[in-house]
Amino acid sequence: MECCRRATAGTPLLFLAFLLLSSRTARSEEDRDGLWDAWGPWSECSRTCGGGASYSLRRCLSSKSCEGRNIRYRTCSNVDCPPEAGDFRAQQCSAHNDVKHHGQFYEWLPVSNDPDNPCSLKCQAKGTALVVELAPKVLDGTRCYTESLDMCISGLCQIVGCDHQLGSTIKEDNCGVCNGDGSTCRLVRGQYKSQLSATKLDDTVVAIPYGSRHIRLVLKGPDHLYLETKTLQGAKGENSLSSTGIFLVDNSSVDFQKFPDKEILRMAGPLTADFIVKIRNSGPADSTVQFIFYQPIIHRWRETDFFPCSATCGGGYQLTSAECYDLRSNRVVADQYCHYYPENIKPKPKLQECNLDPCPASDGYKQIMPYDLYHPLPRWEATPWTACSSSCGGGIQSRAVSCVEEDIQGHVTSVEEWKCMYTPKMPIVQPCNIFDCPKWLAQEWSPCTVTCGQGLRYRVVLCIDHRGMHTGGCSPKTKPHVKEECIIPTPCYKPKEKLPVEAKLPWYKQAQELEEGAAVSEEPSFIPEAWSACTVTCGVGTQVRIVRCQVLLSFSQSVADLPVDECEGPKPASQRPCYAGPCNGEVPEFNPEETGGLFGGLQDFDQLYDWEYEGFTKCSESCGGGVQEAVVICLNKQTREPADENLCVTSQRPPQLLKSCRLDPCPASSRRHRAGTACKGLGW
C-alpha cells in the first residue's frame, strides 16, 4: 500500500515534467518559424495551358541562416492546350533557330525522354545526327517525359499526380480516370489476318471508337495500313500513313513507324473521332495485324425515379427501372446499347409501398398485407415457343412475353411492362436446331467393269447427318453421280463394244438401294413407304408400296396429304418384281423381257446374296480423334437376313468406308497416357 501511495503521490511531478518538455518543444518550433517572414504572393504561371509552375517566396528575418526553404511551388494552368499550340519543349528548341551554332543556322527539334537528365534542353539539328544541349535547364512546367505528368521545376524533375498536385502519386487508370478503378472502359485485343486478292484490294482491320486510349497496332507482312476517321459531327477524313513520323489526325496524335517487313501504329488517346484502321493490298503474301486498345464504355445504365403508384388509395406499390444513357450525347437510347458491354450490370428495380391511406369508399380502414399474400406482384407470362424456322443448320423460334397481374379472385389481366421490371424479362427469341444439315458423302469408286477399253465404274453415295449416321434429308439436286465412264489403257484384242458395258456387279444396285427415305419438307413431295414382302416364297413375285403426296405444315409441325397433282416430278414406282430364289431346288429359265426391271436389270437372278454396309465399328479412340470403319456383311437380298460370307463373291466386296469420331481434345492426363502408349508401341 505504501508503494502505491508513493507512486500516486509522485504522479503530479511526472505530469508537470511532461508539460514542461512539451512547452519547450512548442517554443522551439515557434522560434524556428518565427525566423521567417510570411509567404509572399504566388508568381505568374510559367505557362498559359498544358500545366505550368508558379512559386512563392519568403524572407529570413534572422541574422543567421534560417532552417527550411525560402521558395515553394505549385502547379497552375492545368488545362489542355489547343492542338495547334505544339509541344512546349519543341517551342524552346525552335527559339534557337535564329541563333548561329558554330557559325551556322539550324532548325532544332526536341530530344525527349533523356534518362540521365530529362530537364536539360537537348535538341537535334533537323536532317543531321547533331544533338546539342542548348540550355542546362528547360523552362518550369516542361514535362520530364512525354508520357508523364511529372514536370521540370528549377532544373529538377518533380513528381506530379493526375490530380495535378506536386508530390502526389495518384495515377490515372487505363480509362483516363484519375484515381479510377478501370470500370469505365474495356480492354479490346485481337488479331486480323488479311484475305486480300486482286479483286479485293482493301479491307477493314478494326474500328476504334471515339475516346479510346492506349492504342497499339502491329502489322507483319507486305501490306500497308491507312486510316479513315469520322467525327461526332459527321465529318470524314483519311490519312494514308505514307511515311514514318508523328501526325495530327482529327486532333489526335498518331505515331507511325514503317519498316521493311512491318508497320507499328500508336495513339495515346483519347481519340477525338472514330478511327477505322484499314489495310491495303501490297504484295502476294498474307499479312497479320495484332491490335490492343482500351475502349470507353459510353453507354451506362441509369436508375429512373419511381413510377406512379399502382393504386390511388388503400395501399399499392411502385417501382423504379433502369434506362440506357449515352454519355456522349447525354440522351436515353435503346437498352441494346448497354447490353453490348458485359461490364454493364443493369440495376435491379426497387419496390416500395405507396398510397397507404384508406380509401374513402371503404369502412375507413384497410389492412396492408404483404403483397405475396394479399396482392400478388405482377409477373412475366410467356406463350409456347413457335416451331423452329429451320429443320437443321440453325434457326430461330420466338414467343410472346407479357406482363400480367392477378387479382384476389384469381383473374389474370395484362398490365404495363414497367410493373414487371423488378425481375428480368424472359427472352422472346432463342436459337434452335443448331446442328449441321445432312450432307452427301461419296465413297471410293469401284473397279472398272472391263479389263480393257471403255467401261463403267460405280460408287456408293450416302446422306450422312451430324451424328455420322446414314439418314435422309439431303437435296437430290446436289447429290454426286454414282456412275461414270472409265477407260482401261490396256488394248482389247476383240471387237470393241459400241456402248460402255453395264456392271454385272452389285455396285449400282447397292447405290440405288442406299437412296435415302425421302423426308417430308415444306414443299409438296412424293413420300414412298417401305416395300411389302414378296408375294411368293420362291420364284418371281411382286412387291408393292404406298406413295403419297405430302407436305410439312411448319406452324403445327404436322404432315398433310395432298392430291397427287400437287407434287412435281415423276412419281416413284409403287410396284416392282421380286425374286425369292429357285423353287424345289431347281433353277428355272427366265425370260429377260419379264425380268428386265428386277434389281434394275443389273445382276443375274441366281445372285441371291450380296454385300451391303451395316453400321460402323466402335471408335478406335475415346478422345482426341479416332476412326470408325463401316461393317460389310453378306446379305440375302429377299429375306434381308445375314448369310455366310462364302455365299457372296469376294471380288465384288465394296471398298473400305472410314469416318472420324471422338474429335474432342483429351484431358492432359489422357494425353500423357496415350503418348506413353504410343512410345511403347514404337519400341522407345
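Below is a summary of the structure that appears in this document. Source: prediction; values computed, not measured.

Conventions adopted
Residues numbered from 1 in each chain as written. Predicted model: local features only at pLDDT ≥ 70, side-chain atom pairs only at ≥ 80, totals over all residues. Heavy atoms only, no water. Phe/Tyr/Trp six-rings, centres within 6.5 Å; stacked < 30°, edge-to-face > 60°. Lys NZ or Arg CZ within 6 Å of the ring centre and 35° of its normal. Patch = residues over 30% accessible without salt bridge, like charges linked within 9 Å, V, L, I, M, F, W, Y side chains within 5 Å. Areas by Shrake-Rupley, 256 points an atom, 1.4 Å probe, with all protein chains shown as cover. Salt bridge = Lys/Arg side-chain N within 4 Å of Asp/Glu carboxyl O. Helix = DSSP H or I, 4+ residues; strand = E, 2+ residues; numbered from the N terminus. Pairing = 2+ DSSP bridges. Axes fitted to C-alpha atoms, helices over the stretch in contact; angles between N-to-C directions. Buried < 20%, exposed > 50% of the residue type's maximum accessible area, 1.4 Å probe, protein only.

### Thoughts on the packing of aromatic side chains
Tallied over the full model, the rule gives 1 aromatic pair. The interplanar angle of 55 degrees and the centroid separation of 5.3 Å between the aromatic rings of Tyr106 and Trp108 together place this pair among those described as tilted. Lying over the aromatic face of Phe88, Arg47 brings its terminal NZ or CZ to 4.1 Å of the ring centre. In this structure, Lys262 is placed above the aromatic ring of Phe259, and the distance from its NZ or CZ to the ring centre is 5.6 Å.

### Regarding a nonpolar patch on the surface
Residues Ile396, Ile428 and Val429 make up a contiguous nonpolar surface patch of about 260 Å² in total accessible area. Along the chain, the position of Val429 falls in strand β27 (residues 429-432).

### Thoughts on the sheet that holds strand β26 (residues 412-414)
Strand order in the open sheet formed by 3 strands is β23-β25-β26, and the pairing between neighbours is antiparallel. Looking at which strands have only one partner, the edges of the open sheet turn out to be β23 (379-382) and β26. Along the sheet, successive strands turn relative to each other by an average axial angle of 50 degrees, direction set aside. Bridge analysis of strand β25 (residues 401-406) against β26 gives 3 bridges, and the strand direction is antiparallel. Pairing of Val404 across the sheet is with Ser414, part of β26.

### Topic: the pattern of salt bridges
Applying the stated criterion to the full structure yields 15 salt bridges. The closest approach of N and O atoms between Asp335 and Lys346, which form a salt bridge, is 3.6 Å. Highlighted residues: Asp335 in the loop between β21 (331-333) and α3 (336-339) and Lys346 in the loop between α3 and β22 (351-354), separated in sequence by 11 residues. Judged by relative accessible area, which is 30%, Lys346 ranks as partly exposed. With a closest N to O distance of 3.8 Å, Arg653 and Glu645 form a salt bridge.

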